[in-house]
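The chain contents come next:
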Amino acid sequence: MRKLFSAVHQLPIKWKLTIWSSLLLFLLFAAYNAVQYTFIEKWMIQQEKIGTRQNMNEILNYFLENEFSFKESDMPYIRGFLEKVNHQNQSIRVLDDKGRPIVVVSNRVPNEWIDGDPLSAPEKTGGLYFKDRLLIMRSPLTIFEFNGTVEIVKNNEDFVQLINAFSRVMLVCGFGAIIISGVGGRLLARQLLKPLQSMADAIRKIKQKGLHERVLVNNNHDEISTLMKMFNEMMDQVERSFQQQRQFVEDASHELRTPIAIIEGHLSLLQRWGKKDPAILEESLDISIQELARLKGLVQELLALTRAEEQTTGEGVRKAKPDQVVLHVMKHIAAVYPSFQLETELVPLTGTMIEISEGHLEQIMLIVLDNAMKYSMENKRIRIKGSVLDRHASIEITDSGIGIPETDLPYVMDRFYRVDKARSREQGGNGLGLSIAKRLVERYNGAISIRSKENEGTTVTVSFPVLPP
Ligand code: ADP
């Protein structure tokens, strides 16, 4: 049995569905039939017994009322009455105290069937019981000196035949049910597995032809179509992230190429002329060192970006007091850029806690403040304002610098995006700062947004959910 189960277990789903569904349907059908058969049989037997008992009572009453002494002269009356009350397939006999029949009335019950059941045993002189195809009821009868037995024998052949025919029909119907449920189960399984099959086909195609293949979704709005939609969405995501990855590698190598080309140019210049000309030597070495520093910075920023994208969990303390962190960064910046006028308004943030590591919040603040200073020109005023609204703490950094043109604004957080390539490069920008900040902020369920007007200034807002006290 266990072997059979494990064999079924290893079958393809379509066969499993077919087998289990037909088995289940068949069992249901068989159980229903068995219950029905038992009830009908019981009910019919009950009806037979009731009918026979009534018959017997009628006969006994008649004998007692008329006080027959079973003499020869009584016989025509008795026989007439018994013939009148006898049913089809039934015989009625009156037996004397020795068990010899005195009166016999019979309707299609052969005599030899009855004679084979002698009255010798005491229990057989009264009661109701079945013997082969016969239902036999006997009742003792005593009138004056007559001691005898009244016997009703019912031939149940028709009844047995009916029951047999009934069970045959049930058996045939049962086999019919197996076949129908098997075919039904098979069709059902095919219908159910069709979408899975098409998904498997799509996955095969993706393996052969590439990531742009998709599953054809049927619009049934059922679980399988949801699964297919999710699969397609996941494939969109995978394809997008592959493209992004490729774009990133292309952009990064493009960015790395410029400083490398510059260094290469100056080195060959040195090799040709620089050895003898101290002026060229000095200038080329200066430029090469500058470019190497830029290269180093770029590599560091690329690393920072990759780290910001990594979704690591359980990385130490993830709680920061935003006002404290901002003050710390400000102190640092004020020392490096003494010419800037920094205004802060952090009172609303007092006592607030947000879920981010202090190091990462510092990094975000440094990126935004560094930009504010880099792109400020003459007006060296920067305002930092904290606020709490709807369980979110926000920090706004506003400068009065050159601003960002409206057409560039949607892209400034993209990797390597710089509004004015030449100028940004002059100021040491690689176009990675804001994309690092954005990834860090999003990693802590925060949001970052930029408002800007060209030649008026820029406001960067970062906000994070406040931790419950
Ligand atoms: P970068 O390292 O070049 O500054 P970012 O990703 O930090 O790169 O910024 C992308 C671009 O957005 C910058 O090149 C600059 O043109 C523009 N930008 C960012 N912040 C400001 C700002 N405060 N004022 C004006 N322009 C800005």
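Quick notes on the rules
Residues numbered from 1 in each chain as written. Predicted model: local features only at pLDDT ≥ 70, side-chain atom pairs only at ≥ 80, totals over all residues. Heavy atoms only, no water. Helix = DSSP H or I, 4+ residues; strand = E, 2+ residues; numbered from the N terminus. Rg over C-alpha atoms; globule rule 2.2 N^0.38 Å. Buried < 20%, exposed > 50% of the residue type's maximum accessible area, 1.4 Å probe, protein only. Contact = heavy atoms within 4.5 Å. Pairing = 2+ DSSP bridges. Axes fitted to C-alpha atoms, helices over the stretch in contact; angles between N-to-C directions. Parallel < 35°, antiparallel > 145°, perpendicular 65-115°, else oblique. Left-handed = near helix turned anticlockwise from the far one by under 90°. Nonpolar A, V, L, I, M, F, W, Y, C, P; charged D, E, K, R; others polar. Phe/Tyr/Trp six-rings, centres within 6.5 Å; stacked < 30°, edge-to-face > 60°. Domains from an automatic or database assignment. Polar contact = N/O pair within 3.5 Å; in protein donor to acceptor, adjacent residues only side chain to side chain. Core = buried A, V, L, I, M, F, W, Y, C linked by side-chain atoms within 4.5 Å.

Enquirer: Any details on the overall build of the protein chain? Residues and values, ideally.
Expert: Along the protein chain, the regular secondary structure elements total 11 helices and 10 strands. In summary, the protein chain has a C-alpha radius of gyration of 52 Å against a globular reference of 23 Å for 469 residues, an excess of more than 25%. When the backbone C-alpha atoms are referred to their principal axes, the protein chain occupies close to 165 × 55 × 40 Å. Sorting the 469 residues of the protein chain into buried and exposed places 35% on the buried side. Look at the contacts in the protein chain between residues 6 or more apart in sequence, and 62% of them connect residues 24 or more apart.

Enquirer: Talk me through the environment of L298; I want residue IDs and the actual numbers.
Expert: Mapping L298 onto the fold places it in helix 7 (residues 278-309). Separated by 195 residues in sequence, L298 and V103 have C-alpha atoms that sit 126 Å apart. With near-sequence residues (within four places) excluded, L298 lies in contact with E255, L256, F416, N430 and L432.

Enquirer: Give me the lowdown on the sheet that holds strand 5 (residues 146-155), citing residues and values where you can.
Expert: With antiparallel pairing, five strands are arranged side by side in an open sheet as 2-1-5-4-3. Either end of the sheet is taken by a strand with one partner, and the two such strands are strand 2 (101-107) and strand 3 (127-131). Across the sheet, the mean angle from the axis of one strand to that of its neighbour is 15°, orientation sign disregarded. When strand 1 (residues 90-95) meets strand 5, the two strands line up antiparallel, connected through six bridges. The residue bridging I92 from the neighbouring strand is I152, located in strand 5. On top of the sheet, helix 2 (residues 13-66) reaches strand 1, strand 3, strand 4 (134-143) and strand 5; it is set at about 20° to strand 4, its chief contact. In the packing of helix 3 (residues 75-85) onto the sheet, contacts are made with strand 1 and strand 2, and the angle to strand 2 comes to roughly 30°.

Enquirer: Help me get a handle on the sheet that holds strand 6 (residues 341-345), residues and values and all.
Expert: The strand order 6-7-8-10-9 describes an open sheet built from five strands, whose pairing is mixed. Only two strands of the sheet have a single partner each, and these edge strands are strand 6 and strand 9 (447-453). Between one strand axis and the next, the sheet turns by 15° as a mean value, whatever way the strands run. As paired strands, strand 8 (residues 392-399) and strand 10 (residues 457-465) are joined by eight bridges and run antiparallel to one another. In the sheet register, H392 faces strand 10, and the bridge partner there is P465. Its contacts with the sheet put helix 9 (residues 358-374) on strand 6, strand 7 (381-389), strand 8 and strand 10, and the angle it makes with strand 8 is roughly 25°. On top of the sheet, helix 11 (residues 433-443) reaches strand 9 and strand 10; it is set at about 145° to strand 9, its chief contact.

Enquirer: Lay out the packing of helix 7 against helix 11 in plain terms, naming residues and giving numbers.
Expert: Axis separation between helix 7 and helix 11 bottoms out at 8 Å; the angle between their running directions is 20°. Taken as axis vectors, helix 7 and helix 11 run roughly parallel relative to one another. Seen along the crossing, helix 7 lies across helix 11 with a hand that is left-handed. The segment helix 7 lies against helix 11, with E301, A304, L305, R307, A308 and E309 engaging G433, S435, I436, R439, L440 and R443. Across the contact of helix 7 with helix 11, the residue classes tally to five nonpolar, two polar and five charged.

Enquirer: So what's going on with the packing of aromatic side chains? Residues and values would help.
Expert: What describes a pair of aromatic rings is the distance from one ring centre to the other and the angle between the planes of the rings. Summed over the entire model, instances satisfying the criterion amount to 10 aromatic pairs. On the numbers, 3.6 Å between centres and 10° between planes, the contact of Y62 with F81 is stacked. Here the residue Y62 occupies a position in helix 2, and F81 occupies one in helix 3, the gap between them amounting to 19 residues. By relative accessible area, F81 is classed as buried at 10%. Seen in terms of ring centroids, Y411 and Y417 are 5.6 Å apart; in terms of plane orientation they differ by 40°. Their pairing is tilted. Its relative accessible area of 41% is what places Y411 among the partly exposed residues. By relative accessible area, Y417 is classed as partly exposed at 25%.

Enquirer: Lay out the domain arrangement of the protein chain in plain terms, naming residues and giving numbers.
Expert: For the protein chain, the assigned domains are domain 1 (2-161), domain 2 (224-308) and domain 3 (319-465). The C-alpha centroid of domain 2 is placed 103 Å from the C-alpha centroid of domain 1.

Enquirer: Residue-level account of the side chain of H360, with values.
Expert: Looking at the secondary structure, you find H360 in helix 9. We classify H360 as buried; its relative accessible area is 17%. Polar side-chain contacts of H360 include one of 2.6 Å to the side chain of Y444.

Enquirer: Let's hear about unusual backbone geometry: which residues, and what values?
Expert: One non-glycine residue, E67, adopts positive backbone phi at about 45°. Among the secondary structure elements, E67 is positioned in the loop between helix 2 and helix 3. Even without being glycine, F70 reaches a positive phi, approximately 55°.

Enquirer: Could you give an account of the nonpolar core, naming the residues involved and the relevant values?
Expert: Nonpolar side chains tend to gather and get buried jointly when the protein is soluble and globular. Among the nonpolar cores identified, the biggest contains 48 residues, and I384, I397 and F464 are the most heavily contacted of them. Ranked by the residues each element gives to this core, the list is headed by helix 9, at eight residues. Shared between two domains, this core holds at least three residues of each, these being domain 2 (224-308) and domain 3 (319-465). Ranked by size, the runner-up nonpolar core spans 21 residues in total, among them I59, F63, M75 and V150.

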